[in-house]
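Spelled out from the first residue to the last, the chains are:
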Amino acid sequence: MLSLPLDREATDPKLLRQALGRFATGVTVITTRAPDGKCEGLTANSFSAVSLDPPLVLWSLRLASPSLPSFKSSGAFVVNVLSSEQSTTSQHFATPRHDKFEDVAFSEGIGGCPMLDGSLAIFECRTESMIEGGDHMIFIGRVIQAHYREGEPLIFAGGRYGTHTPLED
């Protein structure tokens, strides 16, 4: 087993990333509509539930991200939880491009934020607060409306996409 000296201030970012990659996460695309009307979206696996009462969720975005100003100023965002059939959607939104929504099917949710067709779950959120944490901005959102359907979630672990396989009881 590889060990990381986590008590040191200067942890090797590559080793830390590899260790964090052992934690399987769902895959989401977070979307917003900037005040100027431009749609923004990015793949994120930093999504998490915070509270049921009030209904709060969180996710984080690198401070160096070119879409940070749009997310900070919009006041709303949508979390699109991807299904196992949407690995190409995840890759699409993880790749820099001028218009990420060209040829992407979506409807408009809260504040005009894109809700991606085919998503397994969708959380329409108002931005409740933003907290700077290290090299990321943490967004906490109040869930205004949630939608879901049955299906297999897209999972990411160890640098690869996968799906879950339930254990036998």
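Along each chain, residue indices are assigned from 1 in the same order as the chain's sequence is written. In keeping with the model being predicted, local features are shown solely for residues with a pLDDT of at least 70 and side-chain atom pairs are shown and tallied solely at 80 or more, while totals for entire chains, interfaces and linings include all residues. With hydrogens and water excluded, all non-hydrogen atoms of the structure serve as input to the side-chain values.

A. Up close: the side chain of His 92. The secondary structure listing takes helices from DSSP runs of H or I that are at least 4 residues long and strands from runs of E that are at least 2 residues long, numbered from the N terminus. Inspection of the secondary structure assignment puts His 92 in helix α3 (residues 87-94). When a residue's accessible area, from a 1.4 Å probe over protein chains only, is under 20% of the maximum for its type it is buried; when over 50% it is exposed; and in between it is partly exposed. Here His 92 falls in the buried class, since its relative accessible area comes to 17%. For the purposes of these results, a polar contact is taken to be a pair of N or O atoms within 3.5 Å, where, inside protein, one atom must be able to donate a hydrogen and its partner to accept one; residues adjacent in sequence count only when each atom of the pair is a side-chain atom. Reaching out from His 92, the side chain makes a polar contact with the backbone oxygen of Lys 100 at a distance of 2.6 Å. Excluding residues that lie within four positions of it along the chain, His 92 makes contacts with Arg 97, Lys 100 and Val 104. In this description, contact between two residues means that some pair of their heavy atoms is separated by no more than 4.5 Å.

B. Broad picture of the nonpolar core. In this structure, Ile 30, Leu 42, Trp 59, Leu 61, Phe 71, Phe 77 and Phe 139 are the most contacted members of the largest nonpolar core, which totals 16 residues. Of all the secondary-structure elements, those providing two or more residues to this core are β3 (39-44), β5 (55-62), α2 (68-74), β6 (76-81), β9 (121-133) and β10 (136-148). To form a nonpolar core, buried Ala, Val, Leu, Ile, Met, Phe, Trp, Tyr and Cys residues must be joined to one another through side-chain atoms within 4.5 Å. In terms of nonpolar packing, the next biggest core, distinct from the first, is built from nine residues, Cys 39, Val 104, Leu 116 and Leu 154 among them.

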